[in-house]
Amino acid sequence: MSVNVLHHGMCFDGAASAALFSAFFRRLSDDHNFRYIPKDHHPGDPYNSADFEADEVVGLDFRYSQNPRMTWFFDHHRSAFQLPGDREHFEADRSGHKFHDAAARSCAGYLARVVREHFDVDLSAHAELIRWAELIDSASFPDPAMPVRLEEPALRLMTFVESNTDQALVEPFIRDLLTTPMKVHAEAGYIEEALRPRLEQHARDIALLKERSVVSGDVLAFSLHDQPGRSYNKFIPYYHHPEIRYVVSLTRAQGGRLKITAGYNPWLPKPEREHNLAALLEPFGGGGHPFVAGCTFDPDDVEGALRAQRTIIARLGGAGSSR
Ligand SMILES: [Mn+2]
């Protein structure tokens, strides 16, 4: 039996969900051939016809599909049902194989709970994987040092999957999540090789953000518009300034677009947040969540992006601007 495992790509929870679904499915049937297909978000229908060419197709930690060949579904994103009719189609389903809970902390943890309750399948042999998926996907680290120092094996695996663009490593990585203790997995040759340059860059970013951060009032701001496009570990500003309330960054995304991200310190109590960051960024064509939101600008529009950043900083109660 062929099984296409469509899962949120470059995401620890997506990979963990793919691994746990495989473990679950093996208990239901012993003849199967899993194909792991990572998916990434874009407007419209994110799926293509090849995604559904299998006997069974599961969607994990990612968008719903009305395609009748999607036979299983587990997700916890509010954005799961985006196309007209998606939600109605899901709610009308009587297969008993499709599950969604926007309150779940991770898809992996949710899947483990659902298959125990509905199918009497115990995945507690993978408790370490489930525990870390819950922690990582809900970003409930005990302090900013943990996701910045990246000392725990699980966080090295997270860093690997979030930056891996080599399709050939997707399947071995998911298999190893199931079969190899994290401490051993994190020291595997293909992980160490991929992580080395990434961690060196990360160490340089920690130093760079320390130098570029400008604190004014409750707001920390920095601009890296003069740096090549890449992603940064979003916890570094809180590592340097654990008490800051808001971080407003200007960076370049892969591909060169300028990107402003405004975030509320995840270690402060949520109810004390004074601003809805998604609403604050809407005038700039942005959006997101109340506690973290973003907007983008053309690669050449440094002045426009810096002006928007200053406006956002001022609205959040910081007076200064970043360089
Ligand atoms: Mn997730």
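The rules behind each value
- Residues numbered from 1 in each chain as written.
- Predicted model: local features only at pLDDT ≥ 70, side-chain atom pairs only at ≥ 80, totals over all residues.
- Helix = DSSP H or I, 4+ residues; strand = E, 2+ residues; numbered from the N terminus.
- Rg over C-alpha atoms; globule rule 2.2 N^0.38 Å.
- Buried ≥ 20, exposed ≤ 12 C-beta atoms within 10 Å, placed from the backbone.
- Pairing = 2+ DSSP bridges.
- Axes fitted to C-alpha atoms, helices over the stretch in contact; angles between N-to-C directions.
- Parallel < 35°, antiparallel > 145°, perpendicular 65-115°, else oblique.
- Left-handed = near helix turned anticlockwise from the far one by under 90°.
- Contact = placed C-beta atoms within 7 Å.
- Nonpolar A, V, L, I, M, F, W, Y, C, P; charged D, E, K, R; others polar.
- Expected span 1.5 Å × (residues − 1).

A. Quick peek at the overall build of the protein. Regarding its fold elements, the protein presents 12 helices and 11 strands. Computed over its C-alpha atoms, the radius of gyration of the protein comes to 21 Å, within 12% of the 20 Å expected for a compact globule of 323 residues. On the principal axes, the C-alpha backbone points of the protein span a range of 60 × 45 × 35 Å. The buried share of the protein, reckoned over its 323 residues, is 39%.

B. Region of the structure containing the sheet that holds strand 10 (residues 287–288). Taken in spatial order, the 6 strands make up an open sheet running 6-7-8-9-11-10, and their pairing is mixed. At either end of the open sheet lies a strand with only one pairing partner, and these are strand 6 (214–216) and strand 10. For strand 8 (residues 246–252) and strand 9 (residues 258–264), the ladder comprises 7 bridges, and the chain directions are antiparallel. Following the sheet pairing, Val-247 is matched in strand 9 by Gly-263.

C. Seen up close, unusual backbone geometry. Phi at Asp-61 takes a positive value of approximately 55°, unusual for a residue other than glycine. Residue class for Asp-61 comes out buried when judged on the 30 C-beta atoms lying within 10 Å of it. Here Asp-120, not a glycine, exhibits a phi torsion of approximately 55°, which is positive. Note on placement: Asp-120 falls in the loop between helix 3 (107–119) and helix 4 (127–137).

D. Quick look at the packing of helix 1 (residues 12–28) against helix 4. Packing of helix 1 against helix 4 leaves a shortest axis separation of 9 Å and a crossing angle of 155°. One element, helix 1, and the other, helix 4, form an angle in the roughly antiparallel class. The handedness of the crossing between helix 1 and helix 4 comes out as left-handed. Contacts between helix 1 and helix 4 involve Phe-12, Asp-13, Ala-16 and Ala-19 from the first element and Leu-129, Ala-133, Ile-136 and Asp-137 from the second. Taken together, the residues of the contact of helix 1 with helix 4 sort by class into 6 nonpolar, no polar and 2 charged.

E. Quick peek at the sheet that holds strand 1 (residues 2–8). Taking strand neighbours across the sheet as the criterion, the 5 strands line up as 2-1-3-4-5 in an open arrangement whose pairing is parallel. Here the strands that pair on one side only, and so sit at the sheet edges, are strand 2 (33–39) and strand 5 (98–100). The average undirected angle you get between the axes of adjacent strands in this sheet is 15°. Pairing between strand 1 and strand 3 (residues 56–60): 5 bridges, direction parallel. Within strand 3, the position partnered with Val-3 by the bridge is Glu-56. Where helix 1 meets the sheet, it contacts strand 1, strand 2, strand 3 and strand 4 (72–75), and its direction lies at approximately 155° from that of strand 1.

F. Fine view of helix 1. The first and last C-alpha atoms of helix 1 sit 25 Å apart over 17 residues, in line with the 24 Å expected at 1.5 Å per residue. Among the 17 residues in helix 1, 12 count as buried, and that is most of the element. Here helix 1 has its buried residues at Phe-12, Asp-13, Gly-14, Ala-15, Ala-16, Ser-17, Ala-18, Ala-19, Leu-20, Phe-21, Phe-24 and Phe-25.

G. Here's a closer look at the packing of helix 1 against helix 3. The contact between helix 1 and helix 3 brings their axes to 8 Å, and the two run at 20°. Accordingly, the angle class assigned to the pair helix 1 and helix 3 is roughly parallel. Of the residues in helix 3, those in contact with Asp-13, Ala-16, Ser-17, Leu-20, Phe-21 and Phe-24 of helix 1 are Cys-107, Ala-108, Leu-111, Ala-112 and Val-115. Taken together, the residues of the contact of helix 1 with helix 3 break down into 9 nonpolar, 1 polar and 1 charged.

H. Local environment of the pairing of strand 8. A large share of strand 8 lies buried, amounting to 7 of its 7 residues. Burial along strand 8 is two-sided: the residues Tyr-246, Val-248, Leu-250 and Arg-252 and Val-247, Ser-249 and Thr-251 are all buried. The sheet contact formed by strand 7 (residues 219–223) and strand 8 spans 5 bridges and is parallel. If you follow Ala-221 over to strand 8, its bridge partner there is Val-248. Count of turn residues in the strand 8/strand 9 antiparallel hairpin: 5 residues, of which Gly-255 carries a positive phi of about 100°.

Read these as layout, nothing more, since geometry by itself doesn't imply function.
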